[in-house]
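Results of the structural survey
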Amino acid sequence: MSANGWFQIGFFLLVIFLITKPLGLFLARVFSDEKTFLDPMLRPIEKLVYRLTGIDEKHETRWTEYAVAMLLFSGASMALLYLMERVQRFLPLNPQKFANLEPGLAFGTAASFTTNTNWQAYSGESTMSYFTQMAGLAYHNFASAAVGIAVAVAVIRGISRKETDKLGNFWVDTTRCLLWVLLPICLVGSLVFVSQGVIQNLKPYTTVELIEPQTVQVTGADGKTARQSVTQQIIAQGPVASQEVIKEFGTNGGGFFGANSAHPFENPTPFSNFFQLVLIFAIPSALTYTLGRMTGSQRHGWAVWAAMAFLFLAGVTTAYWAEARGNPQLAGINQTQSALQSGGNMEGKEVRFGIANSALFATVTTDASCGAINGQHDSFTPLGGMVPLINIMLGEVVFGGVGAGLYGIVVFVILAVFIAGLMVGRTPEYLGKKIESYDVKMAMLAILILTFTILGFSALAIIKPFGTSSISNPGPHGLSQVLYAYVSSAGNNGSAFNGLNANTMWYNTSTAVAQLLGRFFMIIPVLAIAGSLAKKRIVPESVGTFPVTGGLFAGLLVATIVIVGALTFFPALSLGPILEHLLMAAGKSF
C-alpha cells in the first residue's frame, strides 16, 4: 500500500461527496416536476412523446398499476432484444457478418440486459454486431437504468406522501429520467471519452501484419495440440464511446469488448478510469440527497449516505490491503512496491492502473450493481476476491445501482427501525409513519428471495455435472466461481470470476432466471412497501421516537446490513474464499 494509493481512494470519495448535493437536488426537481434549466429544450420533446404514445402525464397510479406498467415495459423490451439477437445476421450494421445467437445465449443475454445485470457469457467484439450493440444492448442500458430510478422515486414518494394510494406515473417517471438525466449526461460524457482516446466508429475490423510473428499452441478438431505461427492480428473497433458512458452512468457494466474496462479502447487513460468510477457512483450517491429533499428530512438522507460511505471504505480498505500483500506462495519473489515495480498481487491486473485503482474499481463496481471491471476478479487473492462477493451479498446497497441501491437500502432501513422499536418496546416509526407487520413482511420477502435464489442455484450447480463441468479451478476457489456467478446474477451485478465457463445451457438459463428473480421479485415487495407507507398518517414525534437522522441510526443501519446481509452467507464464504485464504497461508494450492 502507498500514500499515493490512499490519496486516490480518498480523492475519489471526496468528489462523490461534492457532487451528491447538486445532482441530488437536480433529481429532486426533475421528479417533483419543478423547473430546471433544461426545461425550455426538453419540455416540448416530452409533450410530443406523451402525445404520440397517448400518455396522460397528470394521471397517477397505485403501486399495483405502477408495478404492472414496469413489468409490461420490461417484458416487451426483453422480447424485442431476444428477437434481435436471434435474427442478427439479417440486420444491418454487421460488417463482420456475425451469426445469430443460439437460443440459450440469446435468452440469457436478453434477461441480463433487461434486468440491468449485463452478465456476458460471450465476448462482445466476436459475437454482437454493431446494430445489436447499439439498438439492442445500449437501448437496454438506458431503459433498465431509467426503470430503476423510476422505482426509487416511487418509493421516495411513498415515504413522503400521506393518506394517499398514488405513487406517480411509471411512464412519466421513465420518460423524464431518460430526457432530463441519462441522455444529457451521456452526450457530454461520450465526448469526454472520445477526447481521452475511446474509439467511436462504424468501420469493419482492421487486419494488420505483426512486426514479429508469434508461435501459439492450438487444439485441432481431433483434440490434438500443435504449434502454429501467427503473422496477422484482427483489431476490433466500433461505436464504443457512446456505449461506455451509459455502461457506467447507468450502472450497467456490459462492455463492448470482452476485456471490458481493462481494454485500452474502452479505458485508455488514468483520467478515463477515474471518470468511469465517478459515473458509477454519481446517481446512487445523489439519490440519498434526493431522499432527504423529497421527504423533508435532509439529515436522514445524509445519515444513509454516511452508512453507505462507511461500508464502502471498509470494503476498499480490505481489498487494497489483501492485494497489496501479494501471494505468500510465490516464495523468493520480491512483491514489495518500489519505484521499479508495482508490488503486490498483479495477476489479472492492468499495469496502467496498478493495485490501488484495481482494488478501488472492483469495490466500486460491486458496491454498485455495475459489474464493469478493469481487472480480473478471479485473479484476486482469496480475501481480495471476497470483497466483491460480500459487496453484492449485502444487497448492493453500498450506494448500489441506479435506483436499486436506494430502494434496496430502504428495505434495510425498515428492518433497522423495526429492530430499534423492539429494543425500546414501542411501535417502530420511520419519518413519522408507523412500521407495521405488512411492511416488515414485504421487507423480509425482498431479502429472502435473494438468499433463496443465490444459495439454491449454487447448491444445485455444485453437486451436478452440468454445473461442476464449467469450473476451471478445483477446491474452494471452484466453489467461489459458482457462488459468484449466482451472487452476481441475483444481485444484478454482472461481473464474474471468469474462470467459470458460463456459456452453457445450464448457466445461461439458470443465471437468467436468477437475474429476473433478483430484479423483479425485489421491486414488487419494495413497491408494496411504498404503497403501504403512502397510505399512512404522519405521527408526531415524541420522546420515545427513534431518530433516523444521526450517528446512532447510521450505526444501527450498518449493523443491520452486515448481520442480515453478510452473515446469511457466512457458511458459504467459509467454504470458499475464507478456506482458500487459510490454505494459501499454509502453503497449499490446487
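Before going into details, it helps to say that this report is about the structure given with it. Because the structure is predicted, anything quoted here is derived from the model rather than measured.

On to the overall build of the chain, then. From N to C terminus, the chain includes 18 helices and 4 strands. By the compact-globule yardstick of 25 Å for 590 residues, the chain fits well, its C-alpha radius of gyration being 24 Å. Considering only C-alpha atoms, the chain reaches an extent of 75 × 60 × 50 Å along its principal axes. Residue burial in the chain is summarised as follows: out of 590 residues, 57% are buried. Restricting the contact set of the chain to residue pairs at least 6 apart, pairs at least 24 apart contribute 78%. Total accessible area on the chain is roughly 23500 Å²; 65% of this is exposed by carbon and sulfur atoms. Of note, the chain has its 35 positive side-chain charges centred 6 Å away from the centre of its 31 negative side-chain charges.

Of the pairings in the sheet, the one linking strand 1 (residues 206-219) to strand 2 (residues 225-235) comprises 10 bridges and is antiparallel in character. In the sheet register, Val218 faces strand 2, and the bridge partner there is Ala226. Linking strand 1 back to strand 2 in an antiparallel pair, the connection comprises 5 residues, with Gly223 at a positive phi of about 90 degrees.

A positive phi is found at Asn118, a non-glycine position, where the angle reads about 60 degrees. The residue Asn118 is located in the loop between helix 4 (103-114) and helix 5 (130-160) in this model. The backbone phi angle of Glu396 is positive, close to 50 degrees, even though this residue is not glycine. As for its placement among the helices and strands, Glu396 is situated in the loop between helix 11 (382-393) and helix 12 (404-424).

Moving on to the packing of helix 5 against helix 12. Viewed as axis vectors pointing N to C, helix 5 and helix 12 meet at an angle of 40 degrees, and their least axial separation amounts to 7 Å. When the axes of helix 5 and helix 12 are compared, the pair comes out oblique. Taking contact as the criterion, the partners of Gly148, Val151, Ala152, Val155, Ile156 and Ile159 in helix 5 are, on helix 12, Ala404, Leu406, Tyr407 and Val410. Within the contact of helix 5 with helix 12, the residues separate by chemical class into 9 nonpolar, 1 polar and no charged.

Let us look at the nonpolar core. Ranked by size, the top nonpolar core spans 148 residues in total, and within it Leu182, Ile283 and Phe312 carry the most contacts. The element contributing the most residues to this core is helix 5, with 15 residues. Leu81, Ala111, Tyr122 and Leu500 belong to the second largest nonpolar core, which has 25 residues in total.

Another point: the environment of Val147. Assignment of secondary structure puts Val147 in helix 5. Taking the C-alpha atoms as reference points, Val147 and Leu71, separated by 76 residues in sequence, lie 9.8 Å from one another. Excluding residues within four positions of it along the chain, Val147 makes contact with Met70, Phe73, Ser74, Phe170 and Arg519.

The terminal C-alpha atoms of helix 2 (residues 39-53), which comprises 15 residues, lie 20 Å apart, in line with the 21 Å expected from a rise of 1.5 Å per residue. Buried residues along helix 2 sit in contact with helix 6 (170-196). The first or second residue beyond helix 2 is Gly54, which carries a positive phi of 75 degrees.

A complete count under the given rule lists 31 aromatic pairs for this structure. Through a chain of ring-to-ring contacts, three or more aromatic side chains come together here, namely Phe7, Phe11, Phe12, Phe17, Phe274, Phe281, Tyr289, Trp302, Trp305, Phe312 and Phe399. Just above the ring of Trp180 sits the side chain of Arg176; from NZ or CZ to the centre is 4.1 Å.

With respect to the helices and strands, the residue Thr61 is situated in the loop between helix 2 and helix 3 (63-86). Each residue touching Thr61, except ones within four places of it in the same chain, is listed here: Tyr66, Asp165, Lys166, Leu167 and Gly168.

Next up on the list: the side chain of Lys247. Checked against the element boundaries, Lys247 lands in helix 7 (residues 241-249). We classify Lys247 as buried; its relative accessible area is 0%.

Two numbers describe how helix 6 lies on helix 7: the axes approach to 8 Å, and their chain directions differ by 125 degrees. In terms of their interaxial angle, helix 6 and helix 7 are classed as oblique. Both helix 6 and helix 7 take part in a crossing whose hand is right-handed. The segment helix 6 lies against helix 7, with Val181, Leu182, Ile185, Cys186, Gly189, Ser190, Phe193 and Val194 engaging Ala241, Ser242, Glu244, Val245, Ile246 and Phe249. Here the residues of the contact of helix 6 with helix 7 sort into 10 nonpolar, 3 polar and 1 charged.

For the rest of this paragraph, the subject is a nonpolar patch on the surface. Nonpolar side chains collect at one region of the surface, where Phe7, Phe11, Leu14, Phe17 and Leu18 lie side by side and expose about 510 Å² of accessible area between them. Its place among the elements puts Leu14 in helix 1 (residues 3-31).

This part takes up the environment of Val181. Assignment of secondary structure puts Val181 in helix 6. For Val181, a relative accessible area of 2% puts it in the buried group. Aside from chain neighbours lying at most four places away, what touches Val181 is Phe26, Leu27, Arg176, Phe249 and Ile283.

Below, the discussion takes up the pattern of salt bridges. Inspection of every chain in the model, using the stated rule, returns 17 salt bridges. Notably, a salt bridge pairs Lys536 with Glu436, separated by 2.6 Å at the nearest N-O pair. Linking Lys536 in the loop between helix 16 (505-535) and helix 17 (551-566) with Glu436 in the loop between strand 4 (433-434) and helix 13 (437-463), this pair joins segments that are 100 residues apart in sequence. Glu436 gets classed as partly exposed once you look at its relative accessible area, which sits at 44%. The salt bridge involving Asp439 is made with Lys536; its shortest N-O contact spans 3.3 Å. With a gap of 97 residues between them, Asp439 in helix 13 and Lys536 in the loop between helix 16 and helix 17 connect regions that are remote in the sequence. According to the relative accessible area criterion, Asp439 is buried, its value standing at 0%. Several salt bridges converge on common partners, so that one network encompasses Asp33, Arg43, Glu46, Lys47, Glu57 and Arg176.

What counts and what doesn't
- Residues numbered from 1 in each chain as written.
- Predicted model: local features only at pLDDT ≥ 70, side-chain atom pairs only at ≥ 80, totals over all residues.
- Heavy atoms only, no water.
- Helix = DSSP H or I, 4+ residues; strand = E, 2+ residues; numbered from the N terminus.
- Rg over C-alpha atoms; globule rule 2.2 N^0.38 Å.
- Buried < 20%, exposed > 50% of the residue type's maximum accessible area, 1.4 Å probe, protein only.
- Contact = heavy atoms within 4.5 Å.
- Areas by Shrake-Rupley, 256 points an atom, 1.4 Å probe, with all protein chains shown as cover.
- Lys, Arg positive; Asp, Glu negative; His and termini not counted.
- Charge placed at Lys NZ, Arg CZ, Asp CG, Glu CD.
- Pairing = 2+ DSSP bridges.
- Axes fitted to C-alpha atoms, helices over the stretch in contact; angles between N-to-C directions.
- Parallel < 35°, antiparallel > 145°, perpendicular 65-115°, else oblique.
- Nonpolar A, V, L, I, M, F, W, Y, C, P; charged D, E, K, R; others polar.
- Core = buried A, V, L, I, M, F, W, Y, C linked by side-chain atoms within 4.5 Å.
- Expected span 1.5 Å × (residues − 1).
- Phe/Tyr/Trp six-rings, centres within 6.5 Å; stacked < 30°, edge-to-face > 60°.
- Lys NZ or Arg CZ within 6 Å of the ring centre and 35° of its normal.
- Left-handed = near helix turned anticlockwise from the far one by under 90°.
- Patch = residues over 30% accessible without salt bridge, like charges linked within 9 Å, V, L, I, M, F, W, Y side chains within 5 Å.
- Salt bridge = Lys/Arg side-chain N within 4 Å of Asp/Glu carboxyl O.

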